[in-house]
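# An overview of the molecular structure
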Amino acid sequence: REVSFSNLERIRELGEHLDTLFLKLSSMESDVEKIFETVSDGILVIDREGTIVLANHCIEEMFGYSRDELIGKPMKFLVPDRLRKRHEEGVRGFFNFPGKYLGVTHVWGLCRDGTELPLAITITHMTKQDEILGLAFVRRGVASPHEHT
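The paragraphs below set out a description of the structure included in this document. (Residues numbered from 1 in each chain as written. Predicted model: local features only at pLDDT ≥ 70, side-chain atom pairs only at ≥ 80, totals over all residues. Heavy atoms only, no water.)

## Description of the pairing of strand 5 (residues 131-140)
- As paired elements, strand 1 (residues 42-46) and strand 5 share 5 bridges and run antiparallel to each other. When the sheet's bridge partners are listed, Ile43 is paired in strand 5 with Phe137.
- The sheet contact formed by strand 4 (residues 116-128) and strand 5 spans 10 bridges and is antiparallel. Its bridge partner lying in strand 5, Ala120 is registered against Arg139. (Pairing = 2+ DSSP bridges. Helix = DSSP H or I, 4+ residues; strand = E, 2+ residues; numbered from the N terminus.)

What follows is the structure, encoded as structure tokens:
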């Protein structure tokens, strides 16, 4: 089958367009990374099983763990023992309703040194490569000591 000059020209134009789109996408990913690392709130991304997929530097500072220690671990280890069952039920319920947004919820976190940290979290879904993930924004010091004991 013969390939005409106009078809070759069209293929070249499509290749240039794809190169431009790739550069834009790379730039956007870089911008998202910068935002992820510079926001003042903690950001955690978890999978359907409640495993930590991503964590920003604020989460490291809040809980006293390095990113390497967090990624791949179940998020429940950041929750006090007495609240873990409720937390696991909440994670399951959250993933049963993709697209659901959970407004600010007051919870307690468990730091590396064993202290409990009052937190407010906001959770939404995100999709990455056809996988539904949970995106949690975490702010410290906003729960009262009498909430969620």
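## Brief notes about the layout of surface pockets
- By volume, the largest pocket is sized at about 570 Å³.
- Taken together, 28 residues form the lining of the largest pocket, with Met75, His87, Val107, Ile121 and Ile123 sitting closest to its centre.
- Counting only elements with at least two residues in the lining of the largest pocket, the list comes to strand 1, helix 4 (84-95), strand 3 (102-110), strand 4 and strand 5.
- Grouping the amino acids of the lining of the largest pocket by side-chain chemistry returns 20 nonpolar, 7 polar and 1 charged. (1 Å grid on protein atoms, 1.4 Å probe; cavity = no way out; pocket = protein on both sides within 12 Å on 5 of 7 lines; lining within 4 Å. Points joined across faces, edges and corners; volume = space filled by probe spheres on them. Nonpolar A, V, L, I, M, F, W, Y, C, P; charged D, E, K, R; others polar.)

## Concerning the packing of aromatic side chains
- Tallying each qualifying case throughout the model produces 2 aromatic pairs.
- With 5.0 Å between their ring centres and 75° between their planes, Tyr65 and Phe77 make a pair best called edge-to-face. Residue Tyr65 is found in the loop between helix 2 (57-63) and helix 3 (67-70), and its partner Phe77 is found in the loop between helix 3 and helix 4; the two are separated by 12 residues along the sequence.
- Accessibility expressed as a relative area gives 15% for Tyr65, which makes it buried.
- Where Phe94 meets Phe95, the ring centres are 5.2 Å apart and the plane angle is 80°; that geometry is what we call edge-to-face. The two residues Phe94 and Phe95 agree in class, both being buried. (Phe/Tyr/Trp six-rings, centres within 6.5 Å; stacked < 30°, edge-to-face > 60°. Buried < 20%, exposed > 50% of the residue type's maximum accessible area, 1.4 Å probe, protein only.)

## Remarks on the side chain of Asp47
- Mapped onto the elements of the fold, Asp47 is located in the loop between strand 1 and strand 2 (52-55).
- Of the side chains with opposite charge, Arg48 lies nearest to the buried Asp47, which makes no salt bridge, at 8.3 Å.
- At a separation of 3.0 Å, a polar atom in the side chain of Asp47 contacts the main-chain amide nitrogen of Glu49. (Lys, Arg positive; Asp, Glu negative; His and termini not counted. Salt bridge = Lys/Arg side-chain N within 4 Å of Asp/Glu carboxyl O. Polar contact = N/O pair within 3.5 Å; in protein donor to acceptor, adjacent residues only side chain to side chain.)

## Section: the pattern of salt bridges
- Under the criterion given, the structure shown has 6 salt bridges.
- Between Arg139 and Asp41 there is a salt bridge, and its shortest N-O distance comes to 2.9 Å. Placement of Arg139 in strand 5 and of Asp41 in the loop between helix 1 (5-38) and strand 1 is noted, with a sequence separation of 98 residues between them.
- The salt bridge involving Arg112 is made with Glu69; its shortest N-O contact spans 2.6 Å. Taken together, the residues span a long stretch of sequence, with Arg112 in the loop between strand 3 and strand 4 and Glu69 in helix 3 at a distance of 43 residues.

## Observations concerning helix 4
- Taking 1.5 Å as the rise per residue, helix 4 with 12 residues should run 16 Å; its terminal C-alpha atoms sit 17 Å apart, in good agreement.
- Elements in contact with the buried residues of helix 4: strand 1, strand 3, strand 4 and strand 5. (Expected span 1.5 Å × (residues − 1). Contact = heavy atoms within 4.5 Å.)

## Points about the environment of Leu70
- Mapped onto the fold, Leu70 is located in helix 3.
- Remark: the alpha-carbon pair of Leu70 and Leu54, spanning 16 residues in sequence, is separated by 8.1 Å.
- In this structure, Leu70 is in contact with Ile52, Ala55, Ile59, Tyr65, Phe77 and Leu78, ignoring residues within four places of it in sequence.

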